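# Understanding the architecture of this molecule
Here is what each chain is made of, one letter per residue.
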Amino acid sequence: MTDPSWTTLRGGFLGYLLSQTRNAAFRDMSDELEPLGLTCAQFRVIAGIAHQRAHTLSDFARYLDYDTGAMKRLLDRVEEKGLIRRVPCPADRRALNLELTDTARALYPQMMAAVSRVNQRMLQGFSAEEEAQLENMLQRIQANTRHG
């Protein structure tokens, strides 16, 4: 049974469209990052540290909306690649902070170039004004959520 209201943005299509767009963008990013030996999820960890969005496993679990077990496995994979390291947190001896290695810092410009290529493709055909409008609208949608 198909509910016709589902095909409207307010009826449910907005969440579907945002989710499908996010998934497609992440697949494209993984494809672009593959030559660097990275997935989009692994890049998000590196970018999260580089942009000081998260510092610990629990920070990252909240930031990326992962459960702690999945987050630990992801961090382990990025650490095995020599891109991050865990260091004792000076404020809480039970916690470990995550920091980038020199290898990750050296690779970061190539990672950002890959992400930029994806963004360029996604915004192909958009005018500067349309890009600004889209950014504004997405920020408004995020602000309207309970967790924005």
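Right above here is the structure, for reference.
The structure reproduced in this document is the subject of the present report. For clarity, every value in this text was computed on a predicted model and none was experimentally measured.

Turning next to helix H2 (residues 40-50). Of all 11 residues that make up H2, nine are buried, and the element is covered over most of its length. Of the residues making up H2, those classed as buried are Cys40, Gln42, Phe43, Arg44, Val45, Ile46, Ala47, Gly48 and Ile49. For H2, the secondary structure elements touched by its buried residues are helix H1 (9-33), helix H3 (57-64), helix H4 (68-80), strand E1 (84-88), strand E2 (96-100) and helix H5 (102-122). One or two residues past the end of H2 sits Gln52, with phi positive at roughly 55 degrees.

All right, on to the pattern of salt bridges then. This structure, assessed with the given rule, holds nine salt bridges. Across the pair Glu99 and Arg85 runs a salt bridge, and its minimum N-O distance is 2.6 Å. Taken together, the residues Glu99 in strand E2 and Arg85 in strand E1 connect sequence positions 14 residues apart. Overall, Glu99 belongs to the partly exposed group, its relative accessible area being 29%. With relative accessibility at 32%, the residue Arg85 sits in the partly exposed group. The partner of Asp92 in a salt bridge is Arg94, and the shortest N-O contact between them spans 3.2 Å. Relative accessible area serves as the criterion here: at 77%, Arg94 is assigned to the exposed category. Ionic contacts of the salt-bridge type, sharing partners, join the residues Lys72, Asp76, Glu79 and Arg86 into one network.

What counts and what doesn't
Residues numbered from 1 in each chain as written. Predicted model: local features only at pLDDT ≥ 70, side-chain atom pairs only at ≥ 80, totals over all residues. Heavy atoms only, no water. Buried < 20%, exposed > 50% of the residue type's maximum accessible area, 1.4 Å probe, protein only. Helix = DSSP H or I, 4+ residues; strand = E, 2+ residues; numbered from the N terminus. Contact = heavy atoms within 4.5 Å. Salt bridge = Lys/Arg side-chain N within 4 Å of Asp/Glu carboxyl O.

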